[in-house]
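Listed here are the chains, written in short residue letters.
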Amino acid sequence: GESVGLHLPTLSVQEGDNSIINCAYSNSASDYFIWYKQESGKGPQFIIDIRSNMDKRQGQRVTVLLNKTVKHLSLQIAATQPGDSAVYFCAELNTGNQFYFGTGTSLTVIP
Amino acid sequence: DTGVSQDPRHKITKRGQNVTFRCDPISEHNRLYWYRQTLGQGPEFLTYFQNEAQLEKSRLLSDRFSAERPKGSFSTLEIQRTEQGDSAMYLCASQRLVLGELFFGEGSRLTVL
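In what follows, the accompanying structure is described. The shown structure was predicted, so the numbers you read here are calculated from the model rather than taken from an experiment.

Side note on the overall build of chain A
Now for step 1: Within chain A, the secondary structure is distributed over zero helices and eleven strands.
Now for step 2: If you list the helices and strands of chain A from N to C, you get β-β-β-β-β-β-β-β-β-β-β.
Now for step 3: Taken over the C-alpha trace, chain A has a radius of gyration of 13 Å; the compact-globule value for 111 residues is 13 Å, and the two agree within 12%.
Now for step 4: Reported as C-alpha extents along the three principal axes, the dimensions of chain A are approximately 40 × 30 × 20 Å.
Now for step 5: By residue count, 43% of the 111 residues in chain A fall in the buried class.
Now for step 6: Expressed as a percentage of contacts within chain A between residues at least 6 apart in sequence, the contacts between residues at least 24 apart total 53%.
Now for step 7: Carbon and sulfur atoms provide 46% of the accessible area of chain A, an area that totals close to 5,200 Å².
Now for step 8: Chain A carries 8 positive and 9 negative side-chain charges, and their two centres are separated by 4 Å.

This is how it looks when you write it as structure tokens:
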């Protein structure tokens, strides 16, 4: 079955540095991916998405990279701020039109 | 605020009791999802609706769980004869397009004593 996993469960960065969060997926047929941010006690919040016909997409301070060859997804956050501290999930849309979520990476920004 | 509302936000119940959660999605969204999330884990798919039709249920969903979306608007998730293992955050999300983001509510946290 499909699985979406994250390489690192926790990440600590200094304020102002760039953050990179990685995600591996197993279903090569998946064609849509989303990164979500979840703060404690809240529901997941959309950050950025990418279709499989793209390998890079940029938003405000965030960039998602998709490497279909190795089935790898990453989220880059530029100039990380304390408000970026949260758990980040990648989600994969499978062939059954369901989103599968990874375990998540906890990002801590050190002031 | 995503526009998806869930009620109640918190529910504490005793084992064996029934509980019901309600989700009001964004009004123009046809698709509605239920997910369950336990501490330290990502959301786990439970079921989803296209309008009032329940199109898929996770095979992990026991018979004690039932969901409805009678008029294609709000949805309810009922858990009968709750067990301690049901303690989790129950998240609802709505979606306008198949290839579009899920808009999540703030969740309903269930604690079964």
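Picking up where we left off.
Looking at the packing of aromatic side chains
Now for step 1: For the structure on display, the rule yields 15 aromatic pairs over all chains.
Now for step 2: When the ring of Phe101(A) is compared with that of Phe104(B), the centres are 5.9 Å apart and the planes differ by 75°; the resulting orientation is edge-to-face. Here the residue Phe101(A) occupies a position in strand S10 (residues 99-101), and Phe104(B) occupies one in strand S10 (residues 103-104), the pair thus bridging two chains. Take Phe101(A) and Phe104(B): they sit in the same class, and that class is buried.
Now for step 3: Among the aromatic residues, those joined into a ring-pair cluster are Tyr36(A), Phe46(A), Phe89(A), Phe101(A), Tyr33(B), Tyr35(B), Phe45(B), Tyr48(B) and Phe104(B).
Now for step 4: The cationic tip of Arg22(B) hangs over the ring face of Phe74(B); the distance from NZ or CZ to the ring centre is 3.9 Å.

The rules behind each value
Residues numbered from 1 in each chain as written. Chains lettered and ligands numbered in written order. Predicted model: local features only at pLDDT ≥ 70, side-chain atom pairs only at ≥ 80, totals over all residues. Heavy atoms only, no water. Helix = DSSP H or I, 4+ residues; strand = E, 2+ residues; numbered from the N terminus. Rg over C-alpha atoms; globule rule 2.2 N^0.38 Å. Buried < 20%, exposed > 50% of the residue type's maximum accessible area, 1.4 Å probe, protein only. Contact = heavy atoms within 4.5 Å. Areas by Shrake-Rupley, 256 points an atom, 1.4 Å probe, with all protein chains shown as cover. Lys, Arg positive; Asp, Glu negative; His and termini not counted. Charge placed at Lys NZ, Arg CZ, Asp CG, Glu CD. Phe/Tyr/Trp six-rings, centres within 6.5 Å; stacked < 30°, edge-to-face > 60°. Lys NZ or Arg CZ within 6 Å of the ring centre and 35° of its normal.

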